[in-house]
Amino acid sequence: MNTLPLPLEGITVVAVEQAVAAPFATRQLADLGARVIKVERPDGGDFARGYDTAARGLASHFVWCNRGKESLAVDLKDPRGLAVVRELVAGADVFVQNLAQGAAARLGLDAASLCAAHPRLVAVDISGYGADGPYAHRRAYDMLVQCEAGLVSVTGTADRPVKAGIPAADIAAAMYAFSGVLAALLRRANTGRGGPVEVSMLDALAEWMGHPLHQGTHGSAPPARTGLAHSVIAPYDAYATADGEQVLLSVQNDREWRRLAEQVLCRPELADDPDFATNAARTANRERTDEAVGRGLAGLTGREALAGLEAAGIACARLNTVADVAAHPQLAARDRWREVETPVGPLRALLPPITLPGSEEARMGAVPALGEHTDALLRALGMTDEQTSVLRRDGVIV
């Protein structure tokens, strides 16, 4: 059987991008076979390159979001640099930008302007709060949008709200931009026209608020912050074991509670006790429920607790550290790790979650150095070495 090509083979993407939202979106496109040309500032490039040095001297965010791309370092404030990008866009299928609100429009690189000039182009504007409204020009960093979208209000403990430990607003916007591009490309295949795509971080994360938003807007109080516990299900939390591990378990119905009480806690009387027999009762008596479960698991090691819970058919998990995830046996058994080339040598990275059986494996290309592909891209546009040298001398490119 012949192997199918990656679905975005032959698609060219030009991205004027920075930080996480747009770069993570375009990385998905690159993994699926698209050619992605990343436009960066000559004076340091994407500022995410400077976030940290945790990935063997490279920034962890940048390594995560920018594999498989070509880096063009060019000054868009210089008309000659802007002309280069405009020429690249004229030959592209997709354009993505997440500059500060209004900056792309001033350069003529907003989605509406580009799609008017290039009807087959799919052009994506990613913003913090959208193109209009009272928040349109506010700075929109991930933590700020997490707060504005209400995520922080439902995350943490009763005493202290906390932000998500990953850039949830950036990731939400990135994934809607990614799916928006795919939808627009499908429409173009049917109609011959691309068109603008607009995604805001607030819109994306507000959608992800899902049940708390519905719960809080239809006459009920929003869910309280409960740490690892569930607001309306008990027991559903982490419990310490004899060897210091934390084991999480979730009882979804009263039949499971009976099995937990009889087979794991070894307290069959709890199965029919009216204070515990139903989820409503267990939730109303949450402290006593958690005490009973905690006492039962405290005499077991983490391994013993997990084995007993599995045998009883109770959903459970370890509270893993990041190091535990890197060594996770399930990821290893499914061969999910690969090596990605970078300017400091190969680094481990996970295969993207989208698996296409029968197709080529995801194209996990190299993480580019700043301006690594500038000369090759300019030559492909017909520039001579002399013209390139002038641009470099004038600081327009690096």
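So, here's what we can say about the structure. Just so it is clear, the structure is predicted and the values come from calculations on it, not from any experiment.

About the thresholds
- Residues numbered from 1 in each chain as written.
- Predicted model: local features only at pLDDT ≥ 70, side-chain atom pairs only at ≥ 80, totals over all residues.
- Heavy atoms only, no water.
- Salt bridge = Lys/Arg side-chain N within 4 Å of Asp/Glu carboxyl O.
- Helix = DSSP H or I, 4+ residues; strand = E, 2+ residues; numbered from the N terminus.
- Buried < 20%, exposed > 50% of the residue type's maximum accessible area, 1.4 Å probe, protein only.
- Core = buried A, V, L, I, M, F, W, Y, C linked by side-chain atoms within 4.5 Å.
- Contact = heavy atoms within 4.5 Å.
- Pairing = 2+ DSSP bridges.

**Here's the deal with the pattern of salt bridges**
Side-chain pairing between opposite charges can occur once the charged atoms of the two side chains come close.
Alright, step 1. Throughout the structure, instances matching the rule amount to 25 salt bridges.
Alright, step 2. The salt bridge involving D272 is made with R258; its shortest N-O contact spans 2.4 Å. With D272 in the loop between α10 (254-264) and α11 (279-284) and R258 in helix α10, this residue pair connects regions lying 14 residues apart in the sequence.
Alright, step 3. Given the relative accessible area of 53%, D272 is considered exposed.
Alright, step 4. Note on R258: relative accessible area 32%, which makes it partly exposed.
Alright, step 5. As a salt-bridge pair, E269 and R267 come within 3.1 Å of each other at their nearest N and O atoms.
Alright, step 6. Residue classification places R267 among the partly exposed positions, given a relative accessible area of 26%.
Alright, step 7. Ionic contacts of the salt-bridge type, sharing partners, join the residues E17, K38, D46 and K69 into one network.

**Comments concerning the nonpolar core**
Alright, step 1. One finds V13, V94, V96, V124 and I126 to be the most contacted residues of the largest nonpolar core, which totals 43 residues.
Alright, step 2. Ranked by residues supplied to this core, first place goes to helix α7 (residues 168-191) with 11 residues.
Alright, step 3. Excluding anything up to four places from it in sequence, V94 contacts I11, T12, V13, V14, L121, V122, V181 and L185.
Alright, step 4. Counting 29 residues, the second largest nonpolar core, distinct from the first, contains I37, A92, A103 and V396.

**Quick word on the pairing of strand β10 (residues 337-340)**
Alright, step 1. Where β10 meets strand β11 (residues 347-350), 4 bridges bridge the pair, whose relative direction is antiparallel. Bridging from a neighbouring strand, R338 pairs with A349 of β11.

**Let's talk about the side chain of R27**
Alright, step 1. Relative to the helices and strands, R27 resides in helix α1 (residues 21-31).
Alright, step 2. On the basis of relative accessible area, R27 is assigned to the buried category, the value being 5%.
Alright, step 3. Residues within four places of R27 in sequence aside, it is in contact with W64, C65, N66, R67, K69 and P352.

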